[in-house]
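Residue-level structure breakdown
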Amino acid sequence: MIRRLYVLLLPLFLLLALGCIYLLPEHHEILPSAISEELPTGYHLPGWYGEKTQETDIERKVLSSDTKFSKAVYVSLEDPVLFSSRDEEGRERRAALPCMVSIVFSGNDMNNSIHRPERCLPAQGHTNLVSSRTELRMDDGHILPFTRLSTDTKTADGQTLRHIHYYVFISDSHATESHLRRTLLDMRDRLVYGKVQRWAYIQLSTHYGNVVQVEEKLADEQLKKLICSLLPGLIDWKRIRSPLQRERVEDERKNQDQSIEAEDIFQKALKGS
C-alpha cells in the first residue's frame, strides 16, 4: 500500500515542482548599476590628478566579451605620499605614490564577468593574500562596506612589493563587500522580483614597503582618502538600499551633539556653584 502511495505521489510532486516555473516573475531589461562608468580625469576630482588607463589583455581574455571596464590612476596634489624608484642609470627618483582604480561592469553572463579578486590576483603573481572587512565613511557622510585585501608581489630583482586593495560590489540597488552576499542578492532579485541587475565591481589599490620606501599606514591613509572623495561623485545613493547609509552618520552626529550639550550644562552648573 505504501509503495503504491509513493508511486502516485512522486509524479504529482514532480508535476507541482515543474509547474512552479510558471509562478516565477518575468525578467525584463537589465537594470544598470548605481555607479557611473565615467571616472573623472585631469584635475576634475579636487585634490587629485587622474589619467585613464586600459584593461590588460589578460583581463579581456578571462572575462566575457560584453564585460565593460573603466580604469584610471590617480596621484594626490595635496600633501602626496612620495615613493622611491630608480631610473635606467640607477639614480633614485621620488614621485607621488599612484592609486589605481578599476571598475568592472558585468555582462549578460554573470559567471564570467564578476568575481572576487582573490580568484584572479594569484594568476597575476600576487601571494600571501590576507582579507578583512571594514567600513569607510565617504566625504558626503555615506558609509560603504569594503573588503580590504593585502598581497605581495616580486619585483624583477626578487624584492617584495606589498599591495593594498579595497573592493566593493554595487548593483542597481545594493552595495556589499561580500561576493557570496552579492550572489545571494542577485539570485533573490531574479527569482522573487524578476529583476536582473548589472553588477559593478570597483577595486582601488596602491603599494608600499621597503622597495618604494613607503610605510603601510601612509599608503593606506592616502588610498582611503581617494576612496572617500572619489565615490560620492560616482554613486547614485538614492538607489542603494543598504543599511550603511547616511542615517548611521546622522545618528552619530546627534549623539555627539547631545554629549556636547550635556557637557555645556555640566560646566554651567559648576560655574553656578
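A quick note: this is a predicted structure, and the numbers were derived from the prediction, not measured.

**Some points on the confidence of the model for the protein**
Confidence in the prediction for the protein averages 81 pLDDT; 71% of positions are at 70 or higher. In the model, residues 17-25 has pLDDT below 50 throughout and makes six contacts with residues more than four positions away in sequence or in other chains. Within the model, the stretch residues 245-249 combines pLDDT values under 50 with 12 contacts to residues more than four positions away or in other chains.

**Description of the environment of Ser150**
Mapped onto the fold, Ser150 is located in strand S8 (residues 143-154). Residue classification places Ser150 among the buried positions, given a relative accessible area of 16%. The spacing of Ser150 and Tyr166 is 16 residues in sequence and 8.9 Å in space, taken between C-alpha atoms. Discounting residues that sit within four places of it in the chain, Ser150 has contacts with Asn128, Leu129, Val130 and His163.

**Concerning unusual backbone geometry**
Keep in mind that most residues, glycine aside, have a negative phi and that most peptide bonds are trans. At Asp79, a residue that is not glycine, the phi angle is positive and equals roughly 50 degrees. Among the secondary structure elements, Asp79 is positioned in the loop between strand S3 (68-76) and strand S4 (82-86). Relative accessible area serves as the criterion here: at 70%, Asp79 is assigned to the exposed category. In this model, Asn128 sits at a positive phi of 50 degrees, which is unusual for a non-glycine residue. By the secondary structure assignment, Asn128 is in strand S7 (residues 127-137).

**What about the side chain of Ser171?**
Examined against the element boundaries, Ser171 turns out to sit in the loop between strand S9 (160-170) and strand S10 (175-176). A distance of 2.9 Å separates the side chain of Ser171 from the side chain of Gln197, its partner in a polar contact. Contacts of Ser171, omitting those with residues within four sequence positions, involve Ser33, Ala34, Gln197, Arg198, Trp199 and Ile240.

**A closer look at the nonpolar core**
Membership of the largest hydrophobic core comes to 41 residues, with the highest contact counts inside it found for Ile35, Tyr74, Met138, Phe146, Ile227, Leu230 and Leu231. At the level of elements, S3, strand S6 (99-105), S8, S9, strand S12 (200-208) and helix H5 (216-230) are the ones that each hand at least two residues to this core. Sort the elements by how many residues they give to this core and H5 lands first, with six residues. Every residue in contact with Ile227, bar those within four places of it in the chain, is listed here: Leu136, Met138, Phe146, Tyr166, Leu204 and Pro232. Formed by eight residues, the second largest nonpolar core is a distinct cluster that contains Phe69, Ile114, Phe169 and Leu185.

What counts and what doesn't
- Residue numbering note: each chain is counted from 1, following its sequence as written.
- Only residues with pLDDT of at least 70 get local features here, since the model is predicted, and only at 80 or more are side-chain atom pairs given and counted; chain-wide, interface and lining totals rely on the full set of residues.
- Hydrogen atoms and water are omitted, and side-chain values are computed over all heavy atoms in the structure.
- Across the chain, each position has a pLDDT score giving the predictor's confidence in that residue, from 0 to 100.
- Whether two residues are in contact is decided by their heavy atoms, any of which lying within 4.5 Å being enough.
- Helix and strand labels come from DSSP, where a helix needs a run of H or I of at least four residues and a strand needs a run of E of at least two; each type is numbered from the N terminus.
- The buried label applies to any residue whose accessible area, calculated with a 1.4 Å probe on protein chains only, is under 20% of its type's maximum; exposed applies above 50%, and partly exposed to all values in between.
- Between N or O atoms, a polar contact is any pair within 3.5 Å; within protein, one atom must be a potential hydrogen donor and the other a potential acceptor, and residues adjacent in sequence are included only when both atoms are from side chains.
- In this text, buried Ala, Val, Leu, Ile, Met, Phe, Trp, Tyr and Cys residues form a nonpolar core when linked through side-chain atoms within 4.5 Å.

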